[in-house]
Amino acid sequence: MAPTNGGASPFLISGGGIGGLATAFALAREGIPVRLFEQSPEFREVGAGIQLGPNIFRVLEKWGLKDAVLADAHIPPAQEMRDALTGKLITRIPLGAEFSARFNNQPYGVTHRADIHATLLKACQSSNLITLETSRRVDGFEQNGNGVTVSLENGERAQGRALIGCDGMWSSIRERIVGDGKPRVSGHIAYRAVLQRKDVPDDLWRPDVVLWAGPRSHFVHYPLRRGELYNLVAVFHSDHYEEGWNAEGSKEVMWQHFKMQVPPVLRLLERIETWRMWVLCDREPVKNWSEGRVTLLGDAAHPMLQYLAQGACMAAQNATVLAEKVAANPDDPAAAFQAYQQARYLRTGRTQIMARFYGEFYHARGVAAELRDMALSGRSPQQSYDGIEWLYGGQ
Ligand SMILES: Cc1cc2nc3c(=O)[nH]c(=O)nc-3n(C[C@H](O)[C@H](O)[C@H](O)COP(=O)(O)OP(=O)(O)OC[C@H]3O[C@@H](n4cnc5c(N)ncnc54)[C@H](O)[C@@H]3O)c2cc1C
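Residues numbered from 1 in each chain as written. Predicted model: local features only at pLDDT ≥ 70, side-chain atom pairs only at ≥ 80, totals over all residues. Heavy atoms only, no water.

Trainee: Report on the layout of surface pockets, specifying residues and quantitative values.
Mentor: There is about 200 Å³ of room inside the second largest pocket. Lining the second largest pocket we find Asn55, Arg58, Val59, Lys62, Gln317, Thr320, Val321, Glu324, Ala343, Arg344, Gly394 and Gln395. Breaking the lining of the second largest pocket down by element, the ones donating at least two residues are helix 2 (54-63), helix 9 (311-328) and helix 10 (333-362). Looking at the lining of the second largest pocket residue by residue, the classes come out as three nonpolar, five polar and four charged. (1 Å grid on protein atoms, 1.4 Å probe; cavity = no way out; pocket = protein on both sides within 12 Å on 5 of 7 lines; lining within 4 Å. Points joined across faces, edges and corners; volume = space filled by probe spheres on them. Helix = DSSP H or I, 4+ residues; strand = E, 2+ residues; numbered from the N terminus. Nonpolar A, V, L, I, M, F, W, Y, C, P; charged D, E, K, R; others polar.)

Here you go:
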């Protein structure tokens, strides 16, 4: 990994979430210097679980970070879907050896967001090509044929060869490039909580990713951090809107949507005192998210609902493609960014659209729910794998 452009003007990145850190690391691996600005006073992820498909593990392996991520993760033996009104098993998809063999010898893992974020942060900190700066909000940018100048909140200006907006769902850089206003409110809200293992009754603790599908709602749980924690996410339909990912959610409101569900669901929900709330949003897929020497990545480029558990996976895949395109054309970032988005917009657009569809599927009622159960319950593991090949097997 000899630097090819060590003395060159850096690529600037706005945002130090999973997408920004992954991009910084991917570029540095190609010898490209990076200066990353994060608006918060420290690099951190709000606490909750994240599922990692085989497609992100391929990227992590290439980066030499797979073992570090696996060291904190939990590998669930299966994904299960159950009917939240009857408790009946709808489908069980094994995630063991057969699954890995099908998807490039990569696992399916679940981890704490803070853990994968910390692994990426450490990897970035160990690179002498990456400068990480906190309490630095990017307020604007200008570009010409030679480079980009960003203005920071304290009035400072920073110059670089190009700018990558990894500034999330409410990206101000996207607003300049795409100009599609606020995200689309899906009408679904996620409440999340993390329990210590000791606080989960033994008969409720399951090593699998379990999804309880209910009318206009679903509830997911799985272990985290080598099984020391238990992640709970309850999703239901609501018109509530609030920006950000960390507001406190009302237990009473949540309870109204779940009170008719089976005892294992209710007993787990009852154990949570404080819920954190995400109002779930996405955007319409777009074909162009670049303008000259400025591009977008992660939720800034292709924000999606979480129903396929792919937002962070797609961000990491994009980071590796972006870095390859820049390495192939280091003196022409605008051309490299066009090549990057050309390679990625259909795949991320498909994932954005399919994630919406999966949300409807999980929350089906009446006849639609019966049809869903019929379609899923007869499937063999191989048929389940076939259905998701486009996502986990794809680049
Ligand atoms: C409920 C839920 C469950 C999910 N589950 C999964 C899952 O199982 N698997 C999966 O792969 N994905 C999942 N996702 C999606 C995933 O969390 C996101 O796609 C991913 O975290 C996006 O990362 P990002 O870096 O693009 O954006 P963010 O994580 O939003 O990071 C953006 C960063 O930019 C900073 N920033 C913003 N504006 C500025 C500015 N002007 N200047 C400087 N810094 C700025 C912010 O402070 C933040 O640190 C889930 C999402 C939700 C809501």
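Trainee: So what's going on with unusual backbone geometry? Which residues, and what values?
Mentor: Located in the positive-phi region is asparagine 104, a residue other than glycine, with phi close to 60°. You can see asparagine 104 is positioned in the loop between helix 4 (97-102) and strand 6 (109-112). Looking at asparagine 104, the relative accessible area reads 35%, which means it is partly exposed. Phi at serine 135 is positive, roughly 55°, even though this residue is not glycine. Relative to the elements of secondary structure, serine 135 occurs in the loop between strand 7 (130-133) and strand 8 (138-143). Looking at serine 135, the relative accessible area reads 36%, which means it is partly exposed. (Buried < 20%, exposed > 50% of the residue type's maximum accessible area, 1.4 Å probe, protein only.)

Trainee: Break down the side chain of glutamine 317 for me, citing the residues and quoting the values.
Mentor: Structurally, glutamine 317 can be placed in helix 9. Taking the relative accessible area as the measure of exposure, glutamine 317 reaches 5% and is therefore buried. One polar contact links glutamine 317 to asparagine 55, side chain to side chain, over a distance of 3.4 Å. When near neighbours in sequence (up to four residues on either side) are disregarded, glutamine 317 contacts Asn55, Val59, Arg344, Arg347, Gly394 and Gln395. (Polar contact = N/O pair within 3.5 Å; in protein donor to acceptor, adjacent residues only side chain to side chain. Contact = heavy atoms within 4.5 Å.)

Trainee: Pulling in residues and values, what's your account of the site of the ligand?
Mentor: In the vicinity of the ligand lie 32 residues, with Gly19, Glu38, Gln51, Arg113 and Asp299 positioned nearest. Within the contact set of the ligand, an oxygen atom lies 2.8 Å away from a backbone nitrogen or oxygen of glycine 19. Protein contact buries 89% of the 1000 Å² of open area that the ligand shows by itself. By residue class, the composition of the shell around the ligand is 11 nonpolar, 14 polar and seven charged. (Near = heavy atom within 4 Å. Areas by Shrake-Rupley, 256 points an atom, 1.4 Å probe, with all protein chains shown as cover.)

Trainee: Account for the pairing of strand 5 (residues 89-94), with residues named and values stated.
Mentor: Sheet faces and side chains relate simply in a regular strand, where the side chains alternate between the two faces. The pairing of strand 4 (residues 78-83) with strand 5 spans five bridges and is antiparallel. Directly across from alanine 78, in strand 5, lies its bridge partner proline 94. Taken together, strand 4 and the strand that follows it, strand 5, pair antiparallel across an intervening segment of five residues, in which glycine 87 is found at a positive phi of about 85°. (Pairing = 2+ DSSP bridges.)

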